[in-house]
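Spelled out from the first residue to the last, the chains are:
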Amino acid sequence: MKTIAIIPARGGSKRLKDKNIKVLNGLPLLVHSIRYAQQFPDLIDGIYVSTNDRGIKQVALDYGAQVIDRPEALSGDHATTISALQHVLDNVPDTVQDVVLLQPTNPLRPDTLLPEALHLYFEGKYQSLFTVSRNHQKLGKIIDYQFVPYNYELGQRSQDLEPLYFENGLLYILQSDLIRQGKIMGEHSFPFVVDNPFSEVDIDTQADFDYAAYLMGKVNSEK
């Protein structure tokens, strides 16, 4: 029974052209996730990139990943991540028990994240694990042109807010059976809290890309 990493990377991005192979700190964006998985050969038995794009496919192969050619029916703007994961499982020759999902748009991850997360996942016998970060903002809704606080009362201090968390997209671990059921999260799932600036990076626009480059340069200069 294997644990594999899957990196879904379709072509045709609209807001940031060719973002999955756009060069970030000397490497195509996609490659940062490939390189991350390659750090843990004792934990990851195979690294698969799911794509419909020839350019992405060649980059993935050049950097040592295996490629599953995704059909166009699963590659449109409304295609879901779970459909891509199911397609990979249907086309991987070996039996897979657990999947580590690495989104290429989250290229920065703490080195200790995957080992710690996998340890908790297996120890707790969870169906899935996903990373979250605490939100420290005062959120509200606009109703009839009026701002209505959602998670606080007017005048309340930020440090006294009720803790709320968001999926940061850094890492997902799932049982293959859960994927086959069409789910990313099961009833027995673990929210793994990450308190790290990396959790703020999710690349969809040029501004996101520029911030990732800045943060990566800062981290490298401190090493």
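On a predicted model such as this, the values are computed, not experimentally measured, just so you know. (Residues numbered from 1 in each chain as written. Predicted model: local features only at pLDDT ≥ 70, side-chain atom pairs only at ≥ 80, totals over all residues. Heavy atoms only, no water.)

A. Up close: the overall build of the chain. In terms of regular secondary structure, the chain is built from six helices and 11 strands. What you see for the chain is a C-alpha radius of gyration of 19 Å, in line with the 17 Å of a compact globule of 223 residues. Seen through its C-alpha atoms, the chain measures out along the principal axes to roughly 60 × 40 × 40 Å. Taking all 223 residues of the chain together, the buried fraction comes to 44%. In the chain, the proportion of contacts linking residues at least 24 apart, taken out of those at least 6 apart, comes to 72%. Accessible surface, the chain: about 12200 Å² in total, of which carbon and sulfur atoms supply 48%. (Helix = DSSP H or I, 4+ residues; strand = E, 2+ residues; numbered from the N terminus. Rg over C-alpha atoms; globule rule 2.2 N^0.38 Å. Buried < 20%, exposed > 50% of the residue type's maximum accessible area, 1.4 Å probe, protein only. Contact = heavy atoms within 4.5 Å. Areas by Shrake-Rupley, 256 points an atom, 1.4 Å probe, with all protein chains shown as cover.)

B. Main features of the environment of serine 133. Position of serine 133 among the secondary structure elements: in strand S7 (residues 128-135). Residue classification places serine 133 among the buried residues on the basis of a relative accessible area of 3%. As for serine 133 and isoleucine 68, which are separated by 65 residues in sequence, their C-alpha atoms are 31 Å apart. Dropping the residues within four chain positions of it, serine 133 is found in contact with Leu164, Tyr165, Phe166, Asn168, Val194 and Ser199. There is a polar contact of 3.1 Å between the side chain of serine 133 and the side chain of serine 199. (Polar contact = N/O pair within 3.5 Å; in protein donor to acceptor, adjacent residues only side chain to side chain.)

C. Geometry of the pattern of salt bridges. By the definition in use, this model includes five salt bridges. Linking aspartate 204 and arginine 15 is a salt bridge whose minimum nitrogen-to-oxygen distance equals 2.8 Å. With aspartate 204 in the loop between strand S11 (189-193) and helix H6 (206-222) and arginine 15 in the loop between strand S1 (2-8) and strand S2 (23-24), this pair connects stretches of sequence that are 189 residues apart. Classification of arginine 15 as exposed rests on a relative accessible area of 60%. Here arginine 180 ties to aspartate 90 by a salt bridge, and the two come within 3.2 Å at their closest N and O atoms. Of this pair, arginine 180 sits in helix H5 (residues 176-180) while aspartate 90 sits in helix H3 (residues 81-91), placing them 90 residues apart in sequence. Judged by its relative accessible area of 57%, aspartate 90 is exposed. (Salt bridge = Lys/Arg side-chain N within 4 Å of Asp/Glu carboxyl O.)

D. Here's a closer look at H6. An ideal rise of 1.5 Å per residue puts 24 Å on 17 residues; H6 measures up with 25 Å between its terminal C-alpha atoms. Of the residues making up H6, those classed as buried are Phe209, Ala212, Leu215 and Met216. Taken around the axis of H6, the buried residues stretch over an arc of 130°, which confines them to a single face. The exposed residues of H6 that point more than 90 degrees off its buried face are Ala207, Tyr214, Ser221 and Glu222. Buried residues in H6 make contact with S2 and helix H1 (29-38). (Expected span 1.5 Å × (residues − 1). Arc of directions from axis to C-beta.)

E. Layout of the packing of aromatic side chains. All chains considered together, the criterion is met by four aromatic pairs. Centre to centre, the rings of tyrosine 126 and phenylalanine 190 are 5.1 Å apart; their planes meet at 40°, and the pair counts as tilted. In this pair, tyrosine 126 is assigned in the loop between helix H4 (113-124) and S7 and phenylalanine 190 in strand S11, connecting sequence segments 64 residues apart. With relative accessibility at 22%, the residue phenylalanine 190 sits in the partly exposed group. Its end group placed over the ring of phenylalanine 209, lysine 22 keeps NZ or CZ at 5.1 Å from the ring centre. Here arginine 109 stacks its cationic end above the ring of tyrosine 36, 5.7 Å away from the centre of that ring. (Phe/Tyr/Trp six-rings, centres within 6.5 Å; stacked < 30°, edge-to-face > 60°. Lys NZ or Arg CZ within 6 Å of the ring centre and 35° of its normal.)

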